[in-house]
Amino acid sequence: MTYFAIKAQFFLTYGVLGSLAPLLALILRDSKSFDSRQIGITLAASSIGMLFSPAIMTFLADRNFDTRKILRSIFLLTAIALYAVYYLQEPIAVTIAWATYSIIFIPTLPLLDGYYFNSMRKHGDSRENPTNEYQFVRVWGSAGFMVPAIALFFILDTKASAIEALWCAIIWCAMAFVGTFFLHPCRINHPATSQTPTRQALRVIFSRKTLPMCIGLFLVYVAANCYYPYISVFFSDEIGIDLKWIAMISALGVAIEIGYLLGLSPIRRLIKLKGIMVLGLGTMGARLALLTIFPTTTVAVLIQVLHGLEILAMFVIPVIYLDRVAGDSFRNSIQGVFTIVITVPSRLIGFLLAGEIAHAFGSSEVILTSALLAIGSMLVILFWFRPSSADSL
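Residues numbered from 1 in each chain as written. Predicted model: local features only at pLDDT ≥ 70, side-chain atom pairs only at ≥ 80, totals over all residues. Heavy atoms only, no water.

Caption draft 1: Summary view of the overall build of the protein. When helices and strands are counted, the protein shows 17 helices and zero strands. A burial count over the protein gives 59% of its 393 residues as buried. Here the analysis covers contacts within the protein between residues at least 6 apart in sequence; of these, 86% occur between residues at least 24 apart. Surface accessibility of the protein: about 15,200 Å² in total, with carbon and sulfur atoms responsible for 68%. (Helix = DSSP H or I, 4+ residues; strand = E, 2+ residues; numbered from the N terminus. Buried < 20%, exposed > 50% of the residue type's maximum accessible area, 1.4 Å probe, protein only. Contact = heavy atoms within 4.5 Å. Areas by Shrake-Rupley, 256 points an atom, 1.4 Å probe, with all protein chains shown as cover.)

Printed below as a string of structure tokens:
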């Protein structure tokens, strides 16, 4: 029951993201009349408060505060914030409500990752090395991300506005809230230490064997936060894809991503963690460059075949590696500290950069800039990242 409940929670949590991510910029542009610069500022403003919330939430989890109660509070407050975004029209009020949603929701992912690793060490069959099974849990997150996109196809087929995606996200929040009641309590007896979990996590993040990976990931996260909110605008304005099909193209990429996740074990044996990161980041840059050179529906669909490698490199392998280099006393905190040090600043820079580029030039230039950043991150990982042989398996 423990393993199934965790899978279900990943499914429901990522469903909230899947409801919003494919149409993010279009929601603000078409339903709230935001221009490109306002979209960038609104998304960037949400990143400021994130400098604190992941650390606080994961610190509490490492101090044996019930993770399930933290998650319940997050889903409840997220639903309220999204409800406010739906009805508000004043730009400042919309920005505040959107920032509130982002600040509250962002800790869920590091919390879930930390909960999984701790729970499997306590209750699971693979207590010694739960990283070997992480992809089989994370794949449920991909499935959860995909399902709302399919639902949005039918909703938008009725000529509904993109803003209806907010109601889809609210419903998934409600289901995720209920799902937390099926999770088992997970309290780990940590060894006594004079250092706080946050300080221990920071020391590992800035260590010689982890820092190069973090710098490479910072660059590619800037790229991702630069292009992903605007990919729907690019599909709509530059290629002319209908709104309902944008969500379906996203769902196609996630469906293929599931195959990559399920096949991660043989891929890891073949090219190791570093090889996966180099290949994934390289293909990310290549597919974005292809999209700007050949802006057609055919290319938009075909590049989804490589989407799974990007996800492995950015969101799966880093989680596995960080858990490997973490200690039991700061397993939650290392995910939270990584979010603060790398994920949040990259969101702030990526969103602002995208808004300014889109305002001055257009969405094509946003995608091209992201392609160049992805190639840069691949080069950092290729030439600088040197994981130990044990950690690279």
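Caption draft 2: Main features of the packing of aromatic side chains. By the definition in use, this model includes 22 aromatic pairs. For the pair Phe-10 and Tyr-134, a centre-to-centre distance of 6.5 Å together with 75 degrees between the ring planes defines the contact as edge-to-face. Of the two residues, Phe-10 sits in helix H1 (residues 2-20) while Tyr-134 sits in helix H8 (residues 134-156), which places them 124 residues apart along the sequence. Site record: aromatic cluster; members linked through ring pairs are Phe-10, Tyr-14, Tyr-116, Phe-117 and Tyr-134. Above the plane of the ring of Phe-181 lies Arg-72, whose end atom (NZ or CZ) is 4.0 Å from the centre. (Phe/Tyr/Trp six-rings, centres within 6.5 Å; stacked < 30°, edge-to-face > 60°. Lys NZ or Arg CZ within 6 Å of the ring centre and 35° of its normal.)

Caption draft 3: Quick look at the pattern of salt bridges. Applying the stated criterion across every chain yields a total of six salt bridges. Between Arg-37 and Glu-356 there is a salt bridge, with the nearest N and O atoms lying 3.0 Å from each other. Of this pair, Arg-37 sits in helix H3 (residues 36-48) while Glu-356 sits in helix H16 (residues 331-360); the two residues are 319 residues apart in sequence, bridging distant segments of the chain. The structure contains a network of salt bridges with shared partners spanning Arg-29, Asp-30 and Asp-237. (Salt bridge = Lys/Arg side-chain N within 4 Å of Asp/Glu carboxyl O.)

That's the geometry; what it means functionally is another story.
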